[in-house]
Amino acid sequence: MARTPIAEWPDPDTLLVVEDDDVLRETLALTLGTMCRQVRTASSLAEAVRECAHVSPELVLLDLGLPDGDGSQLLQQLRVVTDVPIIVLSGRDDEDAKVAMLDAGADDFISKPCGAAELQARVRGQLRRAAMSHASRAWSLITVDGVEIDLQQQRVVRHGTLQRLTPTEWSLLRTLVLHVGRPLSPRQLWDLVWAREFGDYATHVRVHITHLRRKIEPDASMPRLIVTEPGVGYRFNVPL
Ligand code: CA
């Protein structure tokens, strides 16, 4: 009689490596590359947010010391919208730092340097735990007055009608959601979503926000999800 495997789950689709050291980042990407369909990489906080806005990684390997800030900032941002496993990778080996990271929502903590076999085992362990604890949904579902926004399935239903968002609109929405509660200026949005140097960013961002509001706001004339902060920019609100 054929034996049924005790547990079997598909290889993850996308893993994200956030590390500013070029050599280490490449090594980590190669090590994890055998375990998933694709490894995305980022070398700064801004790049990491951009990656998260474009893809839904199933696990994030996160360095703490990054050129534009501390990785713990991203950890807090991500924990608002997702419970995908986050493994913190750090040169700091002290107990206090580990406890602080675990308190902030990290699932595991690996001290550098770390061997390939150990890294793969830790990643596999986190993916297995995540697969068992929630079968499919790791990215948030936002519901408000007749609107349902599924960030994982990339699906928006507004008053019973499926809305079609462009890839740019998805990136813009996810970027706003990743910074929930905090205003982003048009310039910041431009850098995070479009990553271009030139262009009339103020107009560009405003037009896209208008389009996005028509698709995701219960009432586009009275925005409640993407609110305008006068003189600052736009802030995503999680409705209570
Ligand atoms: Ca670093």
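Observations concerning the overall build of the chain
Then comes step 1: Check the secondary structure of the chain and you find eight helices and 13 strands.
Then comes step 2: Relative to the 2.2 N^0.38 estimate, which gives 18 Å for 240 residues, the radius of gyration of the chain is 19 Å and therefore close to what a compact globule would have.
Then comes step 3: Counting only C-alpha atoms and orienting by the principal axes, one finds that the chain spans roughly 55 × 50 × 30 Å.
Then comes step 4: Counting every position in the chain, which comprises 240 residues, the buried fraction comes to 46%.
Then comes step 5: By sequence separation, contacts in the chain at least 24 residues apart represent 56% of the contacts at least 6 residues apart.
Then comes step 6: Accessible area of the chain: about 12200 Å², with a carbon and sulfur share of 51%.

Regarding the confidence of the model for the chain
Then comes step 1: Per-residue confidence for the chain averages 84 on the pLDDT scale, and 91% of its residues sit at or above 70.
Then comes step 2: Ignoring residues within four places in sequence, the model shows residues 1-9, a span with pLDDT below 50, making one contact including any to other chains.

So, the pattern of salt bridges
Then comes step 1: Per the stated rule, a full pass over the model turns up twelve salt bridges.
Then comes step 2: The partner of Asp-22 in a salt bridge is Arg-25, with the nearest N and O atoms 2.9 Å apart. With Asp-22 and Arg-25 both in helix H1 (residues 22-33), this residue pair falls three residues apart, about one helical turn.
Then comes step 3: Classification of Asp-22 as partly exposed rests on a relative accessible area of 49%.
Then comes step 4: Here Arg-25 falls in the buried class, since its relative accessible area comes to 12%.
Then comes step 5: Close ionic contact of Lys-215 with Glu-169 constitutes a salt bridge, the shortest N to O distance being 2.6 Å. With a gap of 46 residues between them, Lys-215 in helix H8 (residues 201-216) and Glu-169 in helix H6 (residues 167-178) connect regions that are remote in the sequence. Glu-169 shares its class with Lys-215; the two are buried.
Then comes step 6: Look at the salt bridges and you will find they share partners, linking Glu-19, Asp-63 and Lys-112 into a network.

Focus: the domain arrangement of the chain
Many descriptions give the size of an interface as the accessible area lost when the pieces come together.
Then comes step 1: Each assigned domain of the chain is listed with its residue range as follows: domain 1 (14-136) and domain 2 (139-236).
Then comes step 2: The straight-line distance from the C-alpha centre of domain 1 to that of domain 2 is 26 Å.
Then comes step 3: Contacts between domain 1 and domain 2 engage 16 residues on the former and 17 residues on the latter.
Then comes step 4: With both chains or domains summed, domain 1 and domain 2 bury close to 1500 Å², and 56% of this area falls on carbon and sulfur atoms.
Then comes step 5: Of all residues in domain 1, the largest losses of buried area upon contact with domain 2 belong to Ala-53, Gln-77 and Val-81, amounting jointly to 37% of the total for that side.
Then comes step 6: Our count for the contact surface shared by domain 1 and domain 2 stands at five residue pairs in polar contact (both at pLDDT 80 or more).

Parameters at a glance
Residues numbered from 1 in each chain as written. Predicted model: local features only at pLDDT ≥ 70, side-chain atom pairs only at ≥ 80, totals over all residues. Heavy atoms only, no water. Helix = DSSP H or I, 4+ residues; strand = E, 2+ residues; numbered from the N terminus. Rg over C-alpha atoms; globule rule 2.2 N^0.38 Å. Buried < 20%, exposed > 50% of the residue type's maximum accessible area, 1.4 Å probe, protein only. Contact = heavy atoms within 4.5 Å. Areas by Shrake-Rupley, 256 points an atom, 1.4 Å probe, with all protein chains shown as cover. pLDDT = per-residue confidence, 0-100. Salt bridge = Lys/Arg side-chain N within 4 Å of Asp/Glu carboxyl O. Domains from an automatic or database assignment. Buried area = accessible area lost by both parts, 1.4 Å probe. Polar contact = N/O pair within 3.5 Å; in protein donor to acceptor, adjacent residues only side chain to side chain.

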